[in-house]
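# Structural characterization, general
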Amino acid sequence: MNINIHNENRRLSSSQYDRCEDVVNDIFSQNKLIALFLDIDGTLAEFKIDPSSCFISKDILHLIQHIQQYITVIAVTGRDLPSAQKMFGEIDLPIAALHGSFIYLNDQNQFSRHAQSQLFQELEIILTKDIQPYPELSLENKQHAIALHYRKCPELQQIACQMMQRLHHQHEQLRLIKGKYVYELVWNDIDKGQAIAEISHLLDLQNHLAIFIGDDRTDEDGFRYVNQMKGITIKVGEGTTIATYRFKDIDQVNFFLRFFLERLLDTAIPKHKQKYGEEHV
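Residues numbered from 1 in each chain as written. Predicted model: local features only at pLDDT ≥ 70, side-chain atom pairs only at ≥ 80, totals over all residues. Heavy atoms only, no water.

The helix and strand inventory of the chain stands at 10 helices and 12 strands. Relative to the 2.2 N^0.38 estimate, which gives 19 Å for 281 residues, the radius of gyration of the chain is 19 Å and therefore close to what a compact globule would have. Projected onto its principal axes, the C-alpha coordinates of the chain cover approximately 60 × 40 × 35 Å. The burial tally for the chain puts 51% of its 281 residues in the buried class. In the chain, once contacts between residues fewer than 6 apart in sequence are set aside, the share between residues at least 24 apart is 60%. Only carbon and sulfur atoms are counted for the fraction: they give 47% of the accessible area of the chain, which is about 13,700 Å². Side chains of the chain give 29 positive and 38 negative charges; the mean places of these two sets differ by 2 Å. (Helix = DSSP H or I, 4+ residues; strand = E, 2+ residues; numbered from the N terminus. Rg over C-alpha atoms; globule rule 2.2 N^0.38 Å. Buried < 20%, exposed > 50% of the residue type's maximum accessible area, 1.4 Å probe, protein only. Contact = heavy atoms within 4.5 Å. Areas by Shrake-Rupley, 256 points an atom, 1.4 Å probe, with all protein chains shown as cover. Lys, Arg positive; Asp, Glu negative; His and termini not counted. Charge placed at Lys NZ, Arg CZ, Asp CG, Glu CD.)

Moving on, we get to the layout of surface pockets. Considering only enclosed or pocket space, the second largest pocket measures out at about 460 Å³ in volume. Around the second largest pocket sit 28 residues that line it, and Asp-41, Gly-78, Arg-79, Lys-142 and Arg-151 are the ones nearest its centre. Counting residues per element, the ones that place at least two in the lining of the second largest pocket are α4 (81-88), β8 (174-179) and β9 (182-187). In terms of residue class, the lining of the second largest pocket is built from 6 nonpolar, 8 polar and 14 charged. (1 Å grid on protein atoms, 1.4 Å probe; cavity = no way out; pocket = protein on both sides within 12 Å on 5 of 7 lines; lining within 4 Å. Points joined across faces, edges and corners; volume = space filled by probe spheres on them. Nonpolar A, V, L, I, M, F, W, Y, C, P; charged D, E, K, R; others polar.)

Packed helices, taken two at a time, are described by the angle between their axes plus the distance between the axes. Closest axis-to-axis distance for the helix α7 (residues 192-202)/helix α8 (residues 220-228) pair is 6 Å, and the angle between their directions is 50 degrees. Classified by the angle their axes make, α7 and α8 are oblique. In this structure, α7 uses Lys-192, Gly-193, Ile-196 and Ala-197 to contact α8, whose residues at the interface are Asp-221, Gly-222, Tyr-225 and Val-226. Partitioning the contact of α7 with α8 into residue classes produces 4 nonpolar, 2 polar and 2 charged. (Axes fitted to C-alpha atoms, helices over the stretch in contact; angles between N-to-C directions. Parallel < 35°, antiparallel > 145°, perpendicular 65-115°, else oblique.)

What follows deals with the sheet that holds strand β6 (residues 138-141). Taken in spatial order, the 4 strands make up an open sheet running β6-β7-β9-β8, and their pairing is antiparallel. Two strands bound the open sheet, and with one partner strand each, they are β6 and β8. Neighbour to neighbour, the strand axes of the sheet diverge by 15 degrees on average, direction disregarded. Most of the contacts of helix α6 (residues 157-170) go to β9, to which it runs at about 15 degrees, and overall it touches β7 (145-149), β8 and β9. (Pairing = 2+ DSSP bridges.)

Okay, helix α3 (residues 58-67) next. Every buried residue belonging to α3 is among Ile-60, Leu-61, Leu-63, Ile-64 and Ile-67, and all of these are buried. Projected down its long axis, α3 carries its buried residues within an arc of 160 degrees, all on one side. For α3, the secondary structure elements touched by its buried residues are β1 (34-38), β2 (72-76), α4 and α9 (250-267). (Arc of directions from axis to C-beta.)

Turning our eyes to something else, we now look at the sheet that holds β1. Pairing in this open sheet of 8 strands is mixed, and the strands run β5-β4-β3-β2-β1-β10-β11-β12 from one edge to the other. The open sheet has two edge strands, β5 (109-112) and β12 (245-247), and neither has a second partner. Mean inter-strand twist for the sheet, computed between neighbouring axes without regard to direction, equals 15 degrees. For β1 and β2, the ladder comprises 4 bridges, and the chain directions are parallel. Bridge pairing links Phe-37 to Ile-74 in β2. Running over the sheet, α7 touches β1, β2, β3 (95-97), β4 (102-106), β5 and β10 (209-214) and is turned about 30 degrees from β4.

Remember that the coordinates give geometry; whether it matters functionally is a separate question.
Shown next, in the form of structure tokens:
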């Protein structure tokens, strides 16, 4: 496989290149099995006015597909499962959807943290009326969460916040989280930290070095858990963070994945050989 890593370096400054090299060296210096956790929007896919028009580039999908041959790759996202799976196309990978409300391992193993609730249908009815004067606001009922997007008109942030805060105060069993151009109400016990913990337990990854890459405030819970587990955390973009490393943008994530894969090709044994041995390959 030809990765052309040095050609890709033309898009990065020397400091960005050095940072990718630092992270990869840190990862492989620990000499541990690795599990890679990836947010989607803002990390693998650029933001769009319409969330349904977002996509992961063929280049990044190609890299993930090859990395999967060597280590476990898991998506951790606020998207619902069908939306997240659509982003990955033909790639089948474990997904912690809806910030961890729903865990997908494969077609036979799927877990929901909460039973289907009428609450979010009731909240959808209320919010549908509230946003009628503001056509730029869009509502997304994810069944286990409800999101109010204001990315079409960032000037409506305060109005969106007030609407969601009012509902939050009326429902103590929910927590209000702020993402990029969105406010979301989810169950109190749902966050990306517990999502990573749960899927790590289900896949027996507790002794692996966890790497988590994300860009949003909702990813900070994931960073906190992975930091506690002495893993590697990477924040994409600007903003305060507790992550140990920072990448400038998705282009740098792309380059990191290339650099990371190159090192895997040099050092790792494909997963099917790890499990079954050379004589079965």
